[in-house]
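# Observations on the model geometry
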Amino acid sequence: MSDVFDVVVIGAGPGGYIAAIRAAQLGFSVACIDQAARRDGKPAPGGTCTNVGCIPSKALLQSSEHFDMARRHLSEHGIAIKSVAIDIPAMIGRKDKIVGQTNDGILYLFKKNKIRFYQGRGAFSTRDGNRWTLTVAPTGIAKETATLSAQHVIVATGSSPRALPNAPFDNQYVLDNEGALAMQSVPKRFGIVGAGVIGLEMGSLWQRLGAEVTLLEALPDFLSVADDAVAKEAAKQFKAQGLTIHTGINIEEVKTNDKEVKVHYRDSKGAEQNVVFDKLVVSIGRVPNTQGLNAEAVGLKLDERGAIEVDDCCRANLPNVWAIGDVVRGPMLAHKAEEEGNAVAERIAGQKPHVDFNTIPYVIYTSPEIAWVGKNEQQLKAEGADYRSGRFPFMANGRARAMGDTRGFVKWLADAQTDCVLGLHIIGPCASELIMEGVIAIEFGASSEDIARICHAHPTLAEAVKEAALAIDGRTLNL
Ligand code: FAD
Ligand code: NAI
């Protein structure tokens, strides 16, 4: 006997659980399947984001920033502390507690919205017209196999870390994100392959706690996804913090013995280099999770990257099958997955939602934080666009000086003819929060003049955002 639902979601990450909640709000009977289990076997909904991604990384980054503040900056405020020590197992324990609370919160939301949750591995089984039968193989503390019948299936199975060829993750010496977030002591020599978002966040975190961090990046330019001026400032700041970053490298071999890991690579000049680390994180991107779904047997089409192929509305090639988040094209970000989950549920209900990739904000939670939305200057140049830019440094912002963090700047880009905002790029304190001004501006088709004429509270970091907008017209007031 099948349990019958209007909508079944496979995966309870930020894409899947939001899709399930929105579908339930719209009046559908909904089930959500997730295979993840906690150490004690209880369900661990929330996906990569909750368990081994966004939330735990930000918990540890916060702890390490407090440590750094206590060790190096509190004295500037006249606060004397005789000695500062970090208890890594306690820090990891705090992070684990936050993860557990978030898992519980999602289980509560399922209950509140009358969503039936199945702990197990979901797979497509058969199709009867436009209805699907799915199987759930139990995981964790679940014992029963289940068969579900669904009018609509939303696949939200996320992604997994990509390993280097011939260097599988052992989470002992060669670590993925899960291993990097669970270390019980600070490695002395800490290597990271890939100076992308995970590499920079993990590098900053463990460097603040005392590790000697070396990042090995394949691309010739550092942080080429960001605006050039931001990437340049970031490189300067990270170097000053003590991060060693080598770009243009080519990893040739990774070898582990029972105490360390040896990396053999060619540097940007082609010279052979050998370096030894106590731990090596490999953060070179992620691959979509489609194995075990029985995708091939039912004819679910994948693209050349192995992601589920979908149209602009997240419709897969099979009737009533949808896919969202990291398992499809587009940026691998929790908020992108959430927006797609919301939109698919509304589309199933006959509504016409829209997810605009141009207004998705990007944030890197280093110190200083880096955030951007819309186009960057090198993209506009390549397009031959006629644009103007305005920049304002946090050094000239009163709140930043009061806080004691004046690193970085705000930079707006706007169309030279219409003054419409094209992009906002920030490196500096609270960039992750300030970036929303740019998201709203682009969403509402605002001009830089609109931003410049909005009354911003004083003293706030947001005044730097207003001043950078004034700078487009050469009218900064505080510089
Ligand atoms: P996931 O979160 O990966 O969830 C997929 C779920 O599906 C998992 O729970 C998995 O167990 C389950 N599943 C898979 N296959 C099956 C199956 N066959 N049956 C049942 N269940 C299945 N993004 C941000 O926006 N901000 C950040 O700060 C951020 N930090 C990150 C830090 C790290 C270290 C990492 C690794 C990622 C980070 N991300 C961040 C990215 C973010 O975690 C992902 O983009 C997001 O989790 C994708 O959501 P999703 O719902 O598509 O998939
Ligand atoms: P990434 O795409 O951000 O960075 C990977 C880096 O590795 C790139 O710079 C790439 O050039 C480099 N690289 C690739 N192959 C290499 C090789 N063989 N040798 C050396 N360098 C190599 O991917 P990352 O950091 O693994 O993160 C995965 C995903 O998780 C990202 O898509 C990101 O969006 C998401 N994430 C988001 C965060 C946030 O929003 N703050 C935080 C952490 C992850």
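In the block above lies the structure referred to throughout.
The sections below set out a description of the structure shown in this document. Because the structure is predicted, anything quoted here is derived from the model rather than measured. (Residues numbered from 1 in each chain as written. Chains lettered and ligands numbered in written order. Predicted model: local features only at pLDDT ≥ 70, side-chain atom pairs only at ≥ 80, totals over all residues. Heavy atoms only, no water.)

## So, the packing of helix α1 (residues 14-25) against helix α4 (residues 88-112)
Between α1 and α4, the shortest axis-to-axis distance is 10 Å and the interhelical angle comes to 20 degrees. As far as their axial angle goes, α4 and α1 are roughly parallel. Read as a crossing pair, α1 and α4 show a hand that is left-handed. Packed against α1, whose contacting residues are Tyr 17, Ala 20 and Ile 21, the element α4 presents Ile 106, Leu 109 and Phe 110 at the interface. Considered class by class, the residues forming the contact of α1 with α4 number six nonpolar, no polar and no charged. (Axes fitted to C-alpha atoms, helices over the stretch in contact; angles between N-to-C directions. Helix = DSSP H or I, 4+ residues; strand = E, 2+ residues; numbered from the N terminus. Parallel < 35°, antiparallel > 145°, perpendicular 65-115°, else oblique. Left-handed = near helix turned anticlockwise from the far one by under 90°. Contact = heavy atoms within 4.5 Å. Nonpolar A, V, L, I, M, F, W, Y, C, P; charged D, E, K, R; others polar.)

## Here we look at the packing of α1 against helix α9 (residues 334-348)
Two numbers describe how α1 lies on α9: the axes approach to 7 Å, and their chain directions differ by 30 degrees. Looking at the two axes, α1 sits roughly parallel to α9. Where α1 crosses over α9, the handedness of that crossing is right-handed. Across from Pro 14, Gly 15, Ile 18, Ala 19, Arg 22 and Ala 23 in α1, the residues of α9 making contact are Ala 334, Ala 337, Glu 338, Gly 341, Asn 342, Ala 345 and Glu 346. Counted by class, the contact of α1 with α9 contains seven nonpolar, three polar and three charged residues.

## Regarding the packing of aromatic side chains
A full pass over the atoms with the stated rule returns five aromatic pairs. Taking 5.5 Å as the distance between ring centres and 20 degrees as the angle between the ring planes, the aromatic pair formed by Phe 110 and Phe 117 counts as stacked. Measuring from centroid to centroid gives 5.3 Å for Tyr 362 and Trp 372, while their planes differ by 5 degrees, and the two rings are stacked. Residue Tyr 362 is located in strand β17 (residues 362-364), and its partner Trp 372 is located in strand β18 (residues 369-374); the two are separated by 10 residues in the primary sequence. On the accessibility criterion, Tyr 362 (26% relative accessible area) is partly exposed. For Trp 372, a relative accessible area of 9% translates into the label buried. The ring of Tyr 173 carries Lys 279 above its face, with NZ or CZ at 5.7 Å from the centroid. (Phe/Tyr/Trp six-rings, centres within 6.5 Å; stacked < 30°, edge-to-face > 60°. Buried < 20%, exposed > 50% of the residue type's maximum accessible area, 1.4 Å probe, protein only. Lys NZ or Arg CZ within 6 Å of the ring centre and 35° of its normal.)

## Topic: the sheet that holds strand β14 (residues 279-282)
Here we have five strands laid out as an open sheet, ordered β7-β14-β8-β9-β10, and parallel in their pairing. Every interior strand has two partners, whereas the edge strands, β7 (174-175) and β10 (244-246), have only one. (Pairing = 2+ DSSP bridges.)

Fair warning: the whole summary comes from geometry, so function is off the table for now.
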